[in-house]
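Each chain, written out:
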Amino acid sequence: MDETFTVNLAEAKLDILNGIVECNKRGLMQCAKWLAELNHGLPQEERLKRKDHETYDAQRAGIADNEYDDYILAKSYFDVREYDRATYFTRNCESPVPKFLHMYATYMSMEKKRLDNMTDSSVVSTKKHAKDFAELVSTLRTERSLGKLDGYCLYLYGVILKKLDLTILAVQVFVEAINAEPTLWSAWVELAPLVTHKAMLLDLNLPNHWIKQIFIGYAYIELFLNDEGIKIFQHLLKIGFGKCIFIPTQLAIAFSNKRDVDRSIEIFQRLQKIDPYRLDNLDSYSNLLFVKDMKTEMSHLAHKVVEINKYSPETCCVVGNYYSIRADHYKAVMYFQRALKLNPRYLSAWTLMGHEFMEMKNTNAAIQSYRQAVEVNRRDFRAWYGLGQAYEIIKMPYYSLYYYKAAQQLRPYDSRMLVALGETYERLDKISDAIKCYQKAHSVGDIEGVALFSLARLYEKTHEMEKAIPVFLSFCRDEKVVADKASLYHAYMTLATHYEKVEDFEKASHFAYKCLDYEDTKREAESLLKSIANKRAHKLMTSEGATNMAAAKAATNVEDKPDSESTDTYGEDMDMDESNICRTVAELAMGEEVPLVTGEEIPEFQMEDSFDTNE
């Protein structure tokens, strides 16, 4: 996607104002609110001056004159949530606006009754209620085949198809709706969760409209392609959308996904100053405060949102997080349940309630909550990860493996998912798979700092110490960032024991002394240091003894060695002439002195006084 696109702000203003009028006429209040916020953030000089007659014409467009009175009455009933009355008074209308209002009021009436009659508030699936929408779906399908649906009716058709899990058809219908009405932001938002990967996003037949760029950035963040989304939204800030609150909000969410919590909190705090009564996305802000354990800020936020609107889902979610950070899990669950009473498809509440049930050791309730979160949005990796943890607790590793894999596919570069997968593979004795997971977790940036330790411990478990020792050393290299001190001292103890065995006493002592600071390893370290000291002393004595023996042997060799001349003479062949021998014998017999041969001496042999027992 080209991040160098430009937007004609004057044309964008005109599109937005027309969209606001059309959405207001049809009762699409959330879409009208979003467009109004976007309009308010555009530069002042781009504001358009509408003439009175143009405004009047826009208000009457799409409404037949003979249906106007019925429409006005029905719209007033719709605004006060009397949906059946609105449906009744528009039952015979054929012009686009009253026709949409009739279908939309019919849909809202069914939804309201379904929720009111719901006996179990923990069920959000609409599959069982397909028959409720059967007649409306049949009407919309027929109208679409005849080409009689405008963009707004197509949007409504797509919403119902999505509820019925007819995903492929829903995507096609939403794309048609967007091409017909590009400023219908609600259709873009409904489409985003149905896009499963980047290639699918880029292949969609979307209109070449300026709002498409906002959607692409939004969809990237939904797909956790945060860097791409950040580039688009930062470019939008530069070209004139700097004061539109939606844009920095998406940046805050993207930075939160990237674990840049401080930067995300900074953006949310700035938005609070710009629009202090805004409740949208404050659940995300409270999640960040929870992660940073900012109890004071959480308390201020909870009191503030209660003053603004005590009965909004966002308020209940923030208050639930407030009680959660205070470890009052029962009250936290109560407020998350209140949020779900107000909006059964409120994703954050389902996921957070699952977390609270996990804290309360109620694994079955946690599983139910996470399952409902997945029903609302199948891309909520936190719910998949929570399911993996829950099944891990109840010792069902194959189920756990399935859910961890789903979470890892959604967040392929999140080391937490990879470590969880590795631990599960290890439990299932799939050692090679576990090693790959730990290695990848380290390579993508180990958030929790446990991948190296898990990898080294696995090598240690399989008796591959030649591989384990370098990994333990890498793990201990930056000891200040290791959160789990038990793991750190286990690594120290393992290294100390290894170096003691290979008689590298300097390194062994270095790591053993570190273990003295930790109570669980203190006694073992003291014992190891004594062993090291004994081995050092024995090695020193052995070394000295060897040195003394070598010196004694050298001295003995010097004493035993005859002089060079004697040795040379003794080594020569002696004269064995028979005449000389006879002569010498005769002279000895006669008593004469026999002179020695010139230059020749017979060496004197001496007996050794002692023997070296080591030789």
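Residues numbered from 1 in each chain as written. Predicted model: local features only at pLDDT ≥ 70, side-chain atom pairs only at ≥ 80, totals over all residues. Heavy atoms only, no water.

Caption draft 1: View of the overall build of the protein chain. If you tally the helices and strands in the protein chain, you get 32 helices and zero strands. Burial analysis of the protein chain (615 residues in total) assigns 45% to the buried set. A separation of at least 24 residues holds for 55% of the contacts in the protein chain among residues at least 6 apart in sequence. Surface exposure of the protein chain reaches about 34300 Å², of which carbon and sulfur atoms provide 52%. (Helix = DSSP H or I, 4+ residues; strand = E, 2+ residues; numbered from the N terminus. Buried < 20%, exposed > 50% of the residue type's maximum accessible area, 1.4 Å probe, protein only. Contact = heavy atoms within 4.5 Å. Areas by Shrake-Rupley, 256 points an atom, 1.4 Å probe, with all protein chains shown as cover.)

Caption draft 2: Spotlight on a nonpolar patch on the surface. Together, I393, I394, M396, Y398 and Y399 give the surface a local cluster of nonpolar side chains, amounting to about 500 Å² of exposed area. Within the element layout of this structure, I394 appears in the loop between α22 (381–393) and α23 (397–410). For I394, a relative accessible area of 35% translates into the label partly exposed. (Patch = residues over 30% accessible without salt bridge, like charges linked within 9 Å, V, L, I, M, F, W, Y side chains within 5 Å. Salt bridge = Lys/Arg side-chain N within 4 Å of Asp/Glu carboxyl O.)

Caption draft 3: A look at the nonpolar core. Of all hydrophobic cores here, the largest spans 185 residues; its most connected members are W185, L191, I214, F215 and F241. Summarising the domain contributions, this core has at least three residues from each of domain 1 (205–275) and domain 2 (276–377). Beyond its immediate chain neighbours, meaning those up to four positions away, W185 contacts C31, W34, I211, I214, F215, Y218 and F246. (Core = buried A, V, L, I, M, F, W, Y, C linked by side-chain atoms within 4.5 Å. Domains from an automatic or database assignment.)

Caption draft 4: Geometry of the pattern of salt bridges. In this structure the tally under the stated criterion is 24 salt bridges. Measuring nitrogen to oxygen at the nearest pair gives 3.6 Å for the salt bridge that ties R411 to D414. Two residues, R416 and D414, come together in a salt bridge whose shortest N-O distance is 2.6 Å. The two residues R416 and D414 agree in class, both being buried. Via salt bridges that share partners, E22, K25, R26 and D150 belong to a single interconnected network.

Caption draft 5: Summary view of the packing of helix α15 (residues 261–274) against helix α16 (residues 282–291). Contact geometry of α15 with α16 gives a least axis separation of 10 Å together with a crossing angle of 135 degrees. In terms of axis orientation, α15 runs oblique to α16. In the packing of α15 onto α16, the handedness of the crossing is left-handed. Within the contact between the two elements, α15 uses V261, S264, I265, F268, Q269 and Q272 and α16 uses L282, S284, Y285, L288, L289 and V291. (Axes fitted to C-alpha atoms, helices over the stretch in contact; angles between N-to-C directions. Parallel < 35°, antiparallel > 145°, perpendicular 65-115°, else oblique. Left-handed = near helix turned anticlockwise from the far one by under 90°.)

Caption draft 6: Looking closely at the packing of aromatic side chains. Scanning all chains against the criterion turns up 31 aromatic pairs. With a centroid separation of 5.5 Å and 80 degrees between ring planes, the pair formed by W34 and F246 is classed as edge-to-face. Of the two residues, W34 is situated in helix α2 (residues 29–41) and F246 in helix α14 (residues 246–257); the sequence distance between them amounts to 212 residues. According to the relative accessible area criterion, W34 is buried, its value standing at 8%. Overall, F246 belongs to the buried group, its relative accessible area being 12%. By way of ring pairs, the aromatic residues F78, Y83, F100, Y104, Y107, F133 and Y152 are connected into one cluster. In this structure, R85 is placed above the aromatic ring of Y77, and the distance from its NZ or CZ to the ring centre is 3.9 Å. The ring of Y335 carries R338 above its face, with NZ or CZ at 4.7 Å from the centroid. (Phe/Tyr/Trp six-rings, centres within 6.5 Å; stacked < 30°, edge-to-face > 60°. Lys NZ or Arg CZ within 6 Å of the ring centre and 35° of its normal.)

Caption draft 7: Structural view of α14. With 12 residues, α14 should cover 16 Å at 1.5 Å per step; its first-to-last C-alpha distance of 17 Å lies within 8% of that length. When you tally the buried positions in α14, you get 11 out of 12 residues, the bulk of the element. Those residues of α14 not exposed but buried are F246, I247, P248, T249, Q250, L251, A252, I253, A254, F255 and N257. One or two positions beyond α14, positive phi appears at R259, with a value near 65 degrees. (Expected span 1.5 Å × (residues − 1).)

Caption draft 8: Here's a closer look at the confidence of the model for the protein chain. Per-residue pLDDT for the protein chain averages 83, and the proportion of residues at 70 or more is 83%. Counted against residues more than four places away or in other chains, residues 564–615, with its pLDDT under 50, gives 15 contacts. (pLDDT = per-residue confidence, 0-100.)

Caption draft 9: Molecular detail of empty space enclosed by the protein. In this structure the tally under the stated criterion is one cavity of 30 Å³ or more. If you go around the largest cavity, the residues you meet are F268, L271, Q272, D275, R278, D280 and L282. Of all the elements, α15 adds the most residues to the lining of the largest cavity, at three residues. Looking at the lining of the largest cavity, you find at least three residues from each of domain 1 (205–275) and domain 2 (276–377). (1 Å grid on protein atoms, 1.4 Å probe; cavity = no way out; pocket = protein on both sides within 12 Å on 5 of 7 lines; lining within 4 Å. Points joined across faces, edges and corners; volume = space filled by probe spheres on them.)

Caption draft 10: Summary view of unusual backbone geometry. Even without glycine at this site, A327 takes up a positive phi of about 65 degrees. We classify A327 as exposed; its relative accessible area is 54%. Of note, K395 is a non-glycine position whose phi angle comes to about 60 degrees, a positive value. Along the chain, K395 turns up in the loop between α22 and α23. Looking at K395, the relative accessible area reads 72%, which means it is exposed.

Caption draft 11: Highlighting the UniProt feature "repeat: TPR" (unreviewed entry) in the protein chain. With numbering matched to this structure, UniProt assigns "repeat: TPR" (unreviewed entry) to residues 313–346, 347–380 and 415–448. Counted over residues 313–346, helix gives 79% and strand 0%. Its end C-alpha atoms are 8 Å apart. End-to-end, the C-alpha atoms of residues 415–448 are 8 Å apart, and along that stretch the chain is 76% helix and 0% strand. (UniProt positions renumbered as here; feature names shortened; annotations may be inferred.)

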